[in-house]
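A closer look at the structure
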Amino acid sequence: VQAYAFGKDFEYLDSKDFSAPFTKTLQALAGTIHALIHFPWLAKLMYRLPHWFVECCNPMMTHVFSFEAEIRARVIDVVSGGNQAHKEVSHSTIFKEVLDSNLPPKEKTVDRMQHEGVNLVAAGIHTTKWVLSIAMVQLLQRPNMLQRLKNEIFEAWPDMDVSLTLQQLEQLPY
C-alpha cells in the first residue's frame, strides 16, 4: 500500500523483528476507541490539546501521533515535489494522481491528504496482518498443508542466508 500511495514503502520487513510501529498505534487506539465512538467530542478535544499533555494522560498516544506525523511528512514531501518516487516506479502513485487530478483544491490540502494517507496505510497494514494471521491459523489446523508448504519453501530456498526475491516467491506453486 505504501508503495502505491507514496512510491516507496516504510521498509518494516527490513527491521530486525519485522515490527511495524503501526501495530503499536492500533494498540493505543484500541484502549480509547470505545470512548471516542460514544463521545466523539473527545477526539476533537484530544487533537486540540498539546500532544505532550495527551501523551501524559495516555503514553500509548505517542505512537498515534508519531504515525500521523510520519504520514504527514510523506504527504508534504509529495506536495512539495521532494518525493519523485512516482518517476521511479512502474505504476502510478495515489497521492501524485490526486495532486494531478481535477479535484477541488480543498481535497488536495496537506491535512486532507494526511487523513487519507493514515486511512490507506492503516487499512493496508491491518488487512495484510489479518490475512496472514488467518492463513497461519488455517495452516496450523492442517498439518499436511503446512508440511507441503514447508517442503516447497525449503526446496526453493536451500540457503537461508540468501533472500528470495518476490518474483521467485510468486513462482512457487503452493
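Calculation rules
Residues numbered from 1 in each chain as written. Predicted model: local features only at pLDDT ≥ 70, side-chain atom pairs only at ≥ 80, totals over all residues. Heavy atoms only, no water. Helix = DSSP H or I, 4+ residues; strand = E, 2+ residues; numbered from the N terminus. Contact = heavy atoms within 4.5 Å. Areas by Shrake-Rupley, 256 points an atom, 1.4 Å probe, with all protein chains shown as cover. Lys, Arg positive; Asp, Glu negative; His and termini not counted. Charge placed at Lys NZ, Arg CZ, Asp CG, Glu CD. Expected span 1.5 Å × (residues − 1). Buried < 20%, exposed > 50% of the residue type's maximum accessible area, 1.4 Å probe, protein only. Core = buried A, V, L, I, M, F, W, Y, C linked by side-chain atoms within 4.5 Å. 1 Å grid on protein atoms, 1.4 Å probe; cavity = no way out; pocket = protein on both sides within 12 Å on 5 of 7 lines; lining within 4 Å. Points joined across faces, edges and corners; volume = space filled by probe spheres on them. Nonpolar A, V, L, I, M, F, W, Y, C, P; charged D, E, K, R; others polar. Phe/Tyr/Trp six-rings, centres within 6.5 Å; stacked < 30°, edge-to-face > 60°.

**Topic: the overall build of the chain**
Secondary structure assignment for the chain yields 10 helices and 0 strands. Secondary structure elements in the chain, listed N-terminal to C-terminal, are α-α-α-α-α-α-α-α-α-α. Along the three orthogonal principal directions, the C-alpha set of the chain runs to about 55 × 40 × 25 Å. For the chain, contacts bridging at least 24 residues in sequence account for 58% of all contacts bridging at least 6. Counting every atom, the chain has about 12300 Å² of accessible surface; 61% of that belongs to carbon and sulfur. Of the charged side chains in the chain, 16 are positive and 19 negative, and the gap between their average positions amounts to 8 Å.

**Quick word on helix H6 (residues 61–80)**
Over its 20 residues, H6 extends 28 Å from the first C-alpha to the last, a length consistent with the 28 Å expected when each residue adds 1.5 Å. Taken together, the buried positions of H6 are Met61, Val64, Phe65, Phe67, Glu68, Ile71, Arg74, Val75 and Val78. Positive backbone phi, at 90 degrees, marks Gly81, one or two positions downstream of H6.

**With respect to the environment of Ala122**
Tracing the backbone through its elements, the reader meets Ala122 in helix H8 (residues 110–141). Put simply, Ala122 and Leu26 are 96 residues apart on the chain and 8.7 Å apart in space, counted from C-alpha to C-alpha.

**A look at the nonpolar core**
Ala5, Phe6, Phe10, Phe67, Ile71, Val75, Val78, Phe95, Met113, Val118, Val121 and Ile125 form the largest nonpolar core, which has 12 residues in total. Breaking this core down by element, the ones donating at least two residues are helix H1 (2–6), H6 and H8. Those residues within four positions of Val121 in sequence are excluded, and the remaining contacts are Val1, Gln2, Phe6, Phe10, Phe67 and Ile71. Counting 6 residues, the second-largest nonpolar core is a separate cluster that includes Leu36, Met61, Val64 and Phe65.

**A short note on the layout of surface pockets**
Within this model, the second largest pocket holds a volume of roughly 420 Å³. Split into classes, the residues belonging to the lining of the second largest pocket amount to 10 nonpolar, 5 polar and 3 charged.

**Brief notes about the packing of aromatic side chains**
By the definition in use, this model includes 4 aromatic pairs. Plain terms: the ring middles of Phe6 and Phe95 are 5.0 Å apart, the flat faces sit at 20 degrees to each other, and that makes the pair stacked. Residue Phe6 is located in helix H1, and its partner Phe95 is located in helix H7 (residues 94–100); the two are separated by 89 residues in the primary sequence. Accessibility assignment for this pair places Phe6 and Phe95 in one class, buried. Between Phe39 and Trp41 the ring centres are 6.3 Å apart and the planes differ by 70 degrees, which places this aromatic pair in the edge-to-face class. Given the relative accessible area of 42%, Phe39 is considered partly exposed.

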